[in-house]
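Working through the structure, step by step
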Amino acid sequence: MPIYESVMQEKPPIVLDIGTAYTKLGFAAEAYPRKIMPTEVVMTTTGLRKRLFDYNTTEELYDQLVDFLQTIFFKHLLVSPKERKFVLVESVFGPTVLRETLARVLFVHFDVSSVLFVPVHLIALSTLAVPTALVVDIGYSETSIMPVFSGVQIMAAFKDQNYGGRAIHAEIKRQLVETGIKESLLTESVLEDIKVRTCFVTTMERAQARANDGEVQPTPAPDVDYIVSDNDAIIQVPGILRETVYEIMFEASNERDSLPHLILRSILDCTLDVRRALVESVFLVGGGSMVQGLLARLQQELQYLLAKDPFYVERFHGELQFKFFNGIGKQNFTAWLGGALCGATDLIQTRSLAKETYLKSEHVPDWSNLCDNRPTGS
């Protein structure tokens, strides 16, 4: 407790969750991010706006991170980063060049005091104060699954696939272009707005009936008109699109790589003694998990596969019922909230990478490198 009090009496640590599409930013011990902003940078040299992670060289990434972080510090948070502590939420299997470059920008350019890197799946789970769960993160560029047992990530059972928000946008665009909508109207922001406002995940029964191509097809959902605010054009969003666009997450294939299969395969890659605990504690996070109907459909699909698919029937034993956690905040900033909680504890003092340590080697310890994580003196 004295350490906690001393942390919060200082300037509160800054917490950043830099995602592919959106960045969440704020301070430790706060219940909500101060801002959720697109992960885009306006280059000071050219004035052009581009995605932060669109780069060709490490030097270009460095310059873009400097411009991006300056916007965060001096426009949105209104603080100086010098001598500040930081908590950065990141994927365990994220690109090494990104974390190394980000650390160099923070320590060398902005002269920060320390940086605590926290893994996204584990830190999202900390918001529930439970040690075990199967964390499913549905983001913009990918969907990733990480089992966590007794506070330890089971790396060997990690799974990911590229159906996230980007894939949904591409499917919406494809279907709308086929109906005659001009492609120039379908910007990324319009596609996202159509996804959020009009699309949903249908039930398993309706999806199966539609996939069977029988004579009797389910009555499609109503069409809706979407007004493009820039030029007052009207896009008619067909009901069939609204209902089917998320089916790319549930498509059956020989690779067993749909979302329900991915979850079950991840659990099977864990040892027998932890499988039941994971089945009974699934936690969905990420902006993509907020779509209406996803939770109910996923539970339907998982229970169906457990009962009917011979591959899983002979591998899972006993009566199993999938159960899902409800988060304490919105799913799109659950990982940031975990980082904010972590930044308010003594972990910020004991587990952070200090500026002095970094400047000696200019190296950030890697999650999966045994040499980096071996205790000192061993």
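Within each chain, residue numbers correspond to sequence positions counted from 1 in written order. Local features in this predicted model are restricted to residues whose pLDDT is 70 or higher, and side-chain atom pairs enter the listing and the counts only when it is 80 or higher, whereas totals over whole chains, interfaces and linings include all residues. Here the side-chain values reflect all heavy atoms present in the structure, with hydrogen atoms and water set aside.

Overview of the packing of aromatic side chains
Rules: Here the aromatic set is Phe, Tyr and Trp, taking the six-membered ring for Trp, and pairing holds for ring centres within 6.5 Å; pairs whose planes are under 30 degrees apart are stacked, those over 60 apart are edge-to-face, and all others are tilted. Only Lys NZ and Arg CZ are tested; either one counts as a charge over a ring when it is within 6 Å of the ring centre and within 35 degrees of the ring normal.
Under the counting rule described, the total for this entry stands at nine aromatic pairs. An aromatic cluster is built from Phe 73, Phe 74, Phe 86 and Phe 110, whose rings are joined through pairwise contacts. The ring centre of Phe 311 lies 4.3 Å from the NZ or CZ of Arg 256, which sits over that ring. The residue whose ring lies beneath Arg 297 is Phe 250, and the NZ or CZ to ring-centre distance is 4.3 Å.

What about the environment of Leu 353?
Here is the rule we go by: In this text, helices come from DSSP runs of H or I with a minimum length of four residues, and strands from runs of E with a minimum of two, each type numbered from the N-terminal end. A simple rule labels every residue: compare its accessible area, found with a 1.4 Å probe on the protein chains alone, to the largest value its type can have, and call it buried under 20%, exposed over 50%, or partly exposed in between.
Residue placement: Leu 353 occurs in strand S15 (residues 353-354). For Leu 353, a relative accessible area of 11% gives the class buried. Between the C-alpha atoms of Leu 353 and Ile 194, which are 159 residues apart in sequence, the distance is 42 Å.

Quick word on helix H3 (residues 96-109)
Selection criterion: To estimate how far a helix should extend, the number of its residues minus one is multiplied by 1.5 Å. Any two residues whose heavy atoms approach within 4.5 Å are treated as being in contact.
Between the first and last C-alpha of H3 there are 19 Å, a value that for 14 residues agrees with the 20 Å anticipated at 1.5 Å per step. Residues of H3 that are buried sit in contact with strand S1 (14-18), helix H2 (58-77), strand S6 (85-90), strand S7 (114-119), S15 and helix H15 (355-361). Immediately downstream of H3, the backbone of Asp 111 shows phi near 55°, a positive value.

Describing the side chain of His 121
Our working rule: A 3.5 Å cut-off defines polar contacts: any pair of N or O atoms within that distance qualifies, except that in protein one atom must be a possible hydrogen donor and the other a possible acceptor, and neighbouring residues in sequence count only when both atoms are side-chain atoms.
Tracing the backbone shows His 121 in helix H4 (residues 120-125). A distance of 2.9 Å separates the side chain of His 121 from the side chain of Ser 144, its partner in a polar contact. Beyond its immediate stretch of four places on either side in the chain, His 121 contacts Val 135, Asp 137, Ser 144, Ile 145, Met 146, Gln 153 and Phe 158.

Structural notes on the confidence of the model for the protein chain
Basically, it comes down to this: pLDDT: the predictor's confidence for each residue, scored from 0 to 100.
Of all residues in the protein chain, 94% attain a pLDDT of 70 or more, and the chain-wide mean is 90. Throughout residues 1-8 the model reports pLDDT below 50, and contacts reaching past four residues in sequence, or to other chains, amount to 13 contacts.

Focus: the layout of surface pockets
This is how it is decided: A cavity here means a set of points on a 1 Å grid, drawn over the protein atoms and nothing else, where a 1.4 Å probe fits but cannot get out; a pocket is an open set with protein on both sides within 12 Å along at least five of seven lines, and a residue lines either one if it has an atom within 4 Å of a point. Grid points are joined across faces, edges and corners, and a volume is the space filled by probe spheres set on the points. The classification used treats Ala, Val, Leu, Ile, Met, Phe, Trp, Tyr, Cys and Pro as nonpolar, Asp, Glu, Lys and Arg as charged, and all other residues, Gly among them, as polar.
For the second largest pocket, the calculated volume is near 870 Å³. As for the second largest pocket, its lining consists of 34 residues, and the residues nearest its centre are Leu 116, Phe 117, Pro 119, Arg 351 and Trp 367. Elements supplying a minimum of two residues to the lining of the second largest pocket: S7, H4, strand S10 (152-153), helix H13 (334-342), S15 and helix H16 (370-373). Tallying contributions element by element places S7 first for the lining of the second largest pocket, with five residues. Taken together, the residues of the lining of the second largest pocket sort by class into 22 nonpolar, eight polar and four charged.

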